[in-house]
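One letter stands for each residue in the lines below.
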Amino acid sequence: MKTCIVISGGDAPGINAAIDGYVRLAARNGDRVLGAQGGFAGLLDNQLVEIDPALSSLLAGRGGSILQSSRAPALQQPDARERLARVMAGRGIDNLLVFGGDGTLRHVYPRLGAWGLPCIVLPATIDNDVAGTGYTLGHDSACNFASHALAGIRATAGALPGRVFMLETLGAPTGHLALAIAYAGGAHLALLPEYPLELDWLAARLRRIVERDGYALVVLSEAYPGIKVLLEEIPQRTGIRIRHSALGHAQRGADASHKDRRLARDMSRAAWRAFKDGLRQGVLVAREGAHFVHEGSLPSLSKPPPDRDLVEFVNQL
């Protein structure tokens, strides 16, 4: 069996560990693994490399991906189906193992299924916004990265009181990532795009928190509406200075956590077994720690919004 691995969309911690797990398992059983450099655009251009198990093992815990990705809509080209079939036939590729998030599952996976191409998708995104799965690869690592940043900010807040500290996370367009970080980190407020707060109420709430605790610690999603206005208006309405920190793409490139490394290994084993069992189309999903292949499309294209009860608990609404 020969598999081609494709990274579609953004990278996520744990991808390298999953690649390594699959490559080592394949080598142990006499199978071969190629990797597309540049996502599906690279695959269509036959930019393929054989993945060296020694290299994948060396880099397994690092963030990013040893295979370059691409957001180019290559599969929407008129001749994409014919080019893809030609490359797969010419290189003897039996199936595709694709890493991707919400966009991949919405647009890429259905297209590959309609073309009848054997493909399994592993949900890999720090945002944890994929429907039908409890976990996505990379989410835990991104949360751990943010937790260290939050702890550092809290230390400074205690030493330099009288301020509002805001930590901005990735995760657009949803607030799943920001809520997970805010809740675990004991933040005073979580600002999510799904549940925007009225500015006057927010200003009054922050003022009371600073008066009570000496500082206010806020986690907000990058997708929260009007962040620039928020940063300008809160000091004017409260007389309290804001210190704003944005994690940016450093969060997405974090080293893989133990949980993500374990999840990556479980995913790679399940995907290899599924191909061996003859599964042609599937999305690997995780629920309550159990990992299995789900044939066909996911139950829903859209994940429900972040838990409103948890949001209200964090924000004391």
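To be clear, the structure that these remarks concern was listed above.
From a predicted model like this one, the values you see are computed outputs, not experimental measurements.

Rules and cut-offs
- Note that residues are indexed from 1 along each chain, following the sequence as it is written.
- Selection of residues for local features in this predicted model requires a pLDDT of at least 70, selection of side-chain atom pairs for listing and counting requires 80 or more, and totals for whole chains, interfaces and linings are taken over all residues.
- As a rule here, side-chain values come from all non-hydrogen atoms in the structure, and water together with hydrogens is ignored.
- Nonpolar cores were defined as sets of buried Ala, Val, Leu, Ile, Met, Phe, Trp, Tyr and Cys residues, with membership established by side-chain atoms within 4.5 Å.
- Throughout this description, buried means an accessible area under 20% of the type-specific maximum (1.4 Å probe, protein chains only), exposed means over 50%, and partly exposed covers the range between.
- Every residue pair with non-hydrogen atoms within 4.5 Å of one another is taken to be in contact.
- Each reported salt bridge corresponds to a side-chain nitrogen of Lys or Arg within 4 Å of a carboxyl oxygen of Asp or Glu.
- In DSSP terms, a helix is any run of H or I states spanning at least four residues, a strand is any run of E spanning at least two, and both are numbered starting from the N terminus.
- Two strands pair under a simple rule: DSSP has to find at least two bridges between them.
- Only the contacting stretch of a helix is used when fitting its axis, a line to C-alpha atoms as for every element, and angles between N-to-C directions run 0 to 180 degrees.
- The aromatic pairing rule takes the rings of Phe, Tyr and Trp, using the six-membered ring of Trp, and pairs them if the centres are within 6.5 Å, calling planes under 30 degrees apart stacked, those over 60 edge-to-face and the rest tilted.
- When the sulfur atoms of two cysteines come within 2.5 Å, that pair is taken as a disulfide.
- Put simply, angles under 35 degrees are roughly parallel, angles over 145 are roughly antiparallel, angles from 65 to 115 are roughly perpendicular, and the rest are oblique.
- Left-handed describes a crossing whose near helix is turned anticlockwise from the far helix through less than a right angle; right-handed describes the clockwise counterpart.
- Amino acids outside the nonpolar list (Ala, Val, Leu, Ile, Met, Phe, Trp, Tyr, Cys, Pro) and the charged list (Asp, Glu, Lys, Arg) are all regarded as polar, and Gly is one of them.

Asker: Would you mind going over the nonpolar core in detail, with residue names and values included?
Answerer: Among the nonpolar cores identified, the biggest contains 55 residues, and Ile-5, Ile-19, Leu-97, Phe-99 and Leu-137 are the most heavily contacted of them. Once you skip the residues sitting within four places of it in the chain, Ile-19 turns out to touch Ile-5, Ile-7, Ile-51, Ser-65, Ile-66, Leu-67 and Phe-99. Counting residues in each nonpolar core, the second largest holds 28 residues, with Ala-74, Leu-75, Leu-112 and Val-285 among its members.

Asker: Tell me about the pattern of salt bridges, residues and numbers included.
Answerer: Counted according to the given criterion, the structure contains 13 salt bridges. Here Arg-252 and Asp-11 are joined by a salt bridge, their closest N and O atoms 3.0 Å apart. With Arg-252 in the loop between β9 (241–246) and α10 (258–276) and Asp-11 in the loop between β1 (2–7) and α1 (15–28), this residue pair connects regions lying 241 residues apart in the sequence. On the basis of relative accessible area, Asp-11 is assigned to the partly exposed category, the value being 21%. As a salt-bridge pair, Lys-276 and Asp-31 come within 3.2 Å of each other at their nearest N and O atoms. Residue Lys-276 is found in helix α10, and its partner Asp-31 is found in the loop between α1 and β2 (32–36); the two are separated by 245 residues along the sequence. According to the relative accessible area criterion, Lys-276 is partly exposed, its value standing at 40%. Shared partners join several salt bridges into a network, and the residues in it are Asp-20, Arg-24 and Arg-265.

Asker: Give me the sheet that holds strand β8 (residues 215–221): which residues, what numbers.
Answerer: Within a sheet, neighbouring strands are paired by backbone hydrogen bonds and run either parallel or antiparallel to one another. Taken in spatial order, the 4 strands line up as β7-β8-β6-β9 in an open sheet, and their pairing is parallel. Where the open sheet ends on each side, the last strands, each with one partner, are β7 (189–191) and β9. With strand direction ignored, the average angle separating the axes of adjacent strands in the sheet is 20°. The sheet contact formed by strand β6 (residues 163–169) and β8 spans 7 bridges and is parallel. Looking across to β8, one finds that Val-164 is bridged to Ala-216. Along the sheet, helix α9 (residues 227–238) makes contact with β6, β7, β8 and β9, crossing β9 at roughly 155°.

Asker: Hey, could you go over the packing of aromatic side chains for me, with residue numbers and the actual values?
Answerer: Two numbers describe a pair of aromatic rings. These are the distance of the centres and the angle of the planes. Tallied over the full model, the rule gives 1 aromatic pair. Measuring from ring centre to ring centre gives 6.2 Å for Tyr-183 and Phe-313, while their planes differ by 75°; the resulting arrangement is edge-to-face. Here Tyr-183, found in helix α7 (residues 176–185), pairs with Phe-313, found in helix α11 (residues 308–315); they are 130 residues apart in sequence, far enough to count as distant. Classification of Tyr-183 as partly exposed rests on a relative accessible area of 45%.

Asker: Break down the state of the cysteines for me, citing the residues and quoting the values.
Answerer: One pass over the structure, following the stated rule, counts 0 disulfides. Cys-119 takes part in no disulfide bond, and the closest cysteine sulfur, belonging to Cys-4, lies 10 Å away.

Asker: Could you give an account of unusual backbone geometry, naming the residues involved and the relevant values?
Answerer: Cis rather than trans, the peptide bond between Ala-172 and Pro-173 has omega equal to 10°. Assignment of secondary structure puts Pro-173 in the loop between β6 and α7. In this model, Asn-46 sits at a positive phi of 65°, which is unusual for a non-glycine residue. Here Asn-46 is to be found in the loop between α2 (39–44) and β3 (48–50).

Asker: Outline the packing of α1 against α10, supporting the account with residue identities and numerical values.
Answerer: Between α1 and α10, the least distance of the axes is 8 Å, while the angle of their chain directions is 40°. Put simply, α1 runs oblique to α10. Crossing of α1 against α10: the hand is right-handed. Together, Ala-17, Ala-18, Asp-20, Gly-21, Tyr-22, Arg-24, Leu-25 and Ala-26 of α1 and Arg-261, Ala-264, Arg-265, Ser-268, Arg-269, Ala-271, Trp-272 and Phe-275 of α10 make up the contact between the two elements. Of the residues in the contact of α1 with α10, the class split is 9 nonpolar, 2 polar and 5 charged.

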